[in-house]
Amino acid sequence: MAIEGSLADVGLADICQLLALGRKTGCLTVTDRSNFGYIYFENGRVIFASVLNRPDRLGDLLLKNGAIRRDDLSRAMEEQSRQSGKRLGEILVGLGALYQEDLERWITVQIEEAVYHLFTWNQGSFHFNPDERPDESQVFLVSLNADGLLMEGARRVDEWSLIERKISSMEIIFKMVRDPQEQEDVDLSINQKKLLPLMDGNRTVNDLVRDS
């Protein structure tokens, strides 16, 4: 039996918990206006997830985290254009640019991030179609404990609510008017120091996230 409703009435985390406890298999689709995402379950465990138009493609994720070099990605993408049915990750492993175990680890991260992003949606609708599975020729499947995802997702949602009190839009532009490194009583973290030179009065919050 299909399960459907509004995210305004039932949070996505509660829906996922219900599917996990019931050891359900199928596809949970989530729609918020032009945004669309889905989470596949098998016996209550998450095996795949993706969000349409999210800038978290595997190649970009690997490059951003230093797992591959830019020229390796370019070579793999050229190879993929000639072999349309082959997945980018498989090509990178075949080229020797990436170990298989590292590929699987980053694909897992990619799927986890998609789930966490969906947890932030509080508007739109959901629909669970039982027994539907992803095309295994097109995607790499994992097996993730839903409880762990729910706990981390809840933590991120709580943190994001605190951030939103200061940053109401991802299009806000910040400019540094006084260098905190010149203040004796200010102790900055590594991540904060990384952000300082990027806050030039031109970059939006989205730009800062991407460039850092």
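Residues numbered from 1 in each chain as written. Predicted model: local features only at pLDDT ≥ 70, side-chain atom pairs only at ≥ 80, totals over all residues. Heavy atoms only, no water.

Visitor: An account of helix H6 (residues 146–164) is needed here, citing residue identities and associated values.
Guide: In this model, H6 (19 residues) spans 26 Å end to end at C-alpha, consistent with the 27 Å of a helix rising 1.5 Å per residue. Every buried residue of H6 is accounted for by Ala 146, Leu 149, Leu 150 and Gly 153. Along the long axis of H6, the arc covered by the buried residues comes to 95°, so they all point the same way. What points out from H6, more than 90 degrees from its buried face, is the exposed set Met 151 and Asp 158. Contact partners of the buried residues in H6: helix H1 (12–21), strand S4 (45–51) and helix H5 (100–119). Put simply, Asn 145 is the residue that caps the front of H6, since its side-chain oxygen is 2.7 Å from the backbone nitrogen of Asp 147. (Helix = DSSP H or I, 4+ residues; strand = E, 2+ residues; numbered from the N terminus. Expected span 1.5 Å × (residues − 1). Buried < 20%, exposed > 50% of the residue type's maximum accessible area, 1.4 Å probe, protein only. Arc of directions from axis to C-beta. Contact = heavy atoms within 4.5 Å. Polar contact = N/O pair within 3.5 Å; in protein donor to acceptor, adjacent residues only side chain to side chain.)

Visitor: Describe unusual backbone geometry, with residues and values.
Guide: Among all residues save glycine, negative phi is the norm, and among peptide bonds the norm is trans. Although it is not a glycine, Arg 33 sits at a positive phi angle of roughly 55°. Positionally, Arg 33 belongs in the loop between strand S2 (26–32) and strand S3 (35–42). The phi torsion at Asn 43 lies on the positive side, around 50°, for a residue other than glycine.

Visitor: Lay out the pattern of salt bridges with the relevant residues and their values.
Guide: A full pass over the atoms with the stated rule returns 18 salt bridges. A salt bridge links Asp 72 to Arg 75; its shortest N-O distance comes to 3.2 Å. With Asp 72 and Arg 75 both in helix H3 (residues 70–82) and 3 residues apart, the pair spans about one turn of that helix. The exposure class assigned to Arg 75 is partly exposed, which follows from its relative accessible area of 40%. Notably, a salt bridge pairs Asp 102 with Arg 105, separated by 3.7 Å at the nearest N-O pair. Taken together, the positions of Asp 102 and Arg 105, both in helix H5 and 3 residues apart, correspond to about one turn of that helix. Of the residues examined, Arg 105 reaches a relative accessible area of 44% and is grouped as partly exposed. (Salt bridge = Lys/Arg side-chain N within 4 Å of Asp/Glu carboxyl O.)

Interpretation note: all reported values are geometric properties and have no functional meaning in isolation.
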